[in-house]
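# Topology and contacts: notes
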Amino acid sequence: MAPDSTPAPHRPLPKAELHLHIEGTLEPELAFALAARNGVTLPYATEDELRRAYSFNDLQSFLNLYYALMEVLRTEDDFADLAHAYLARAKEQGVRHAEIFFDPQAHTSRGVPLGTVVNGLSRALDTAPETYGITTGLIMCFLRDESADSALETFEAARPYLDRITAVGLDSAEVGHPPAKFREVFALAREAGLKCVAHAGEEGPAAYVWEALDVLGVDRIDHGVRCMEDGALVARLVADRVPLTVCPLSNLRLRVVDDLADHPLPAMLDAGLLVTVNSDDPAYFGGYADDNFTAVRDALGLDEAALRTLARNSFLASFLDEGTRAAYLKELDAH
Ligand code: HPA
Ligand code: ZN
């Protein structure tokens, strides 16, 4: 018999995804389907034309399109369909646990009630263990370019839904909107027993990472790549085992790095940081969770041991209970 030359299929490592904006998983196909369903006219004639708009200079140029496309998300069904589409892809990428961001203010400001968003997402997430083999958490993010009062109002409006929310986060345009602006709402969230995370050190300076730690008391930093500019900060993050949810393809597409080969991920691992790899807004940045693993393997020469460390870190950095965490780590070791 002729030797079988078919390459072994890629079996993605089991992993947790901890930095994923559900609105950033809106693929052009679904955007057009929801636009038709809801009678919304998109400013693009075709899916290809929309895809051609996915060329960004910085965070803001991406956010402009990200918020514009959300116009198609109107009903509970829309949010449920969005989450189902993500979960189906995440399963193929080896994701076993996902802690999923959503941006309530981006919807309530358009007249979509918070209950519509949370109930729609919950409908999909509640089925995820059985349907996709994925456990989930929800992280409610405040838009940092909106006011502190708006964040406080959002938090109060969310009180009836807090049993479905694992953590609060902070996202959107970073520069000029330091974490300390949100001191009060993060204190309320901690009092209510929620975990806290914040985007910091993506486009903003290392000083914003210090503030997120010292003023907001966050449990994780999202992105945080600019911590590498501050040795004392790296020492603090290592000493306190503060996880960083790094998003390599996002950093490339938003020009946080010019070339993936220049990404600080290997230096971050060498420094002993608890770094994880995530997809951020995969519909816009050209790759889901495992695509990011493959991209850093190829561009940075990370070996199998380093990729396993990243997958291991993702479970260690998650907000899972200890029993489930241990089960996933065992599954990773057996892979
Ligand atoms: N940074 C800040 N805000 C965001 C991002 C991001 O990468 N993605 C969606 N909202
Ligand atoms: Zn993000």
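See the structure above.
Positions within a chain are numbered from 1, following the residues in the order the chain's sequence is written. All chains are assigned letters beginning at A, and all ligands numbers beginning at 1, according to the order in which they are written. Side-chain atom pairs in this predicted model are given and counted only at pLDDT of 80 or more, local residue features only at pLDDT of at least 70, and totals for whole chains, interfaces and linings cover all residues. Just so you know, side-chain values use all the structure's heavy atoms and leave hydrogens and water out.

For the rest of this paragraph, the subject is the pairing of strand E2 (residues 95-102). Where burial is concerned, most of E2 is hidden: seven out of the eight residues are buried. Note: strand E1 (residues 15-21) against E2, five bridges, orientation parallel. By the bridge assignment for E2, His21 is matched with Phe101. Note on pairing: two strands pair once DSSP finds at least 2 bridges between them. Each helix is a run of DSSP H or I of at least 4 residues and each strand a run of E of at least 2, with the numbering of both proceeding from the N terminus. Relative to strand E3 (residues 135-143), E2 runs parallel, the two sharing six bridges. Within E3, the position partnered with His97 by the bridge is Thr135. Exposure is judged per residue with a 1.4 Å probe applied to protein chains only, and the accessible area is read against the type maximum: over 50% gives exposed, under 20% gives buried, and values in between give partly exposed.

By salt bridge we mean one thing: a side-chain nitrogen of Lys or Arg within 4 Å of a carboxyl oxygen of Asp or Glu. Applying the stated criterion across every chain yields a total of 19 salt bridges. For Arg123, the salt bridge is made with Asp77, and the minimal N-O distance between the two is 2.7 Å. On the criterion of sequence distance, the pair formed by Arg123 in helix H6 (residues 114-132) and Asp77 in helix H4 (residues 76-92) is long-range, its members being 46 residues apart. Judged by relative accessible area, which is 38%, Arg123 ranks as partly exposed.

All right, on to the environment of Glu17 then. Here Glu17 lies in strand E1. In this structure the C-alpha to C-alpha distance between Glu17 and Thr127, which are 110 residues apart in sequence, comes to 18 Å. Note on contacts: a residue pair is in contact if any heavy atoms of the two residues lie within 4.5 Å. Residues within four places of Glu17 in sequence aside, it is in contact with Tyr86, Val95, His97, Ala98, Glu99, Asn278, Ser279 and Ala289. Two N or O atoms count as a polar contact when they lie within 3.5 Å, although within protein this holds only if one can serve as hydrogen donor and the other as acceptor, and sequence-adjacent residues are included solely when both atoms are side-chain atoms. Polar side-chain contacts of Glu17 include one of 2.7 Å to the side chain of Tyr86. Among the polar contacts made by the side chain of Glu17, one reaches the main-chain amide nitrogen of Ser279 at a distance of 2.9 Å.

Adjacent strands of a sheet form backbone hydrogen bonds with each other and so pair up, either parallel or antiparallel. Taken in spatial order, the eight strands line up as E1-E2-E3-E4-E5-E6-E7-E8 in an open sheet, and their pairing is parallel. Here the strands that pair on one side only, and so sit at the sheet edges, are E1 and strand E8 (274-277). Sheet twist, expressed as the mean angle between neighbouring strand axes with direction ignored, is 25°. Inspection of the sheet shows strand E4 (residues 167-171) paired to strand E5 (residues 195-200) by two bridges, in the parallel sense. Residue pairing in the sheet places Ala167 in a bridge with Lys195 of E5. Only the stretch in contact is used when fitting a helix axis, every axis being a line fitted to C-alpha atoms; angles between N-to-C directions are given from 0 to 180 degrees. Taken strand by strand, helix H7 (residues 148-158) contacts E3 and E4, and its axis lies near 145° from that of E3. Here helix H9 (residues 206-214) sits on the sheet and contacts E5 and strand E6 (220-223); the angle it forms with E5, its principal contact strand, is near 170°.

Let us look at the environment of Asp222. Along the chain, Asp222 falls in strand E6. Taking the relative accessible area as the measure of exposure, Asp222 reaches 0% and is therefore buried. Taking the C-alpha atoms as reference, Asp222 lies 8.1 Å from Gly201; in sequence the two are 21 residues apart. Residues in contact with Asp222, not counting those within four places in the same chain, are Leu18, His19, Phe101, Val197, Ala198, His199, Ala200 and Thr245.

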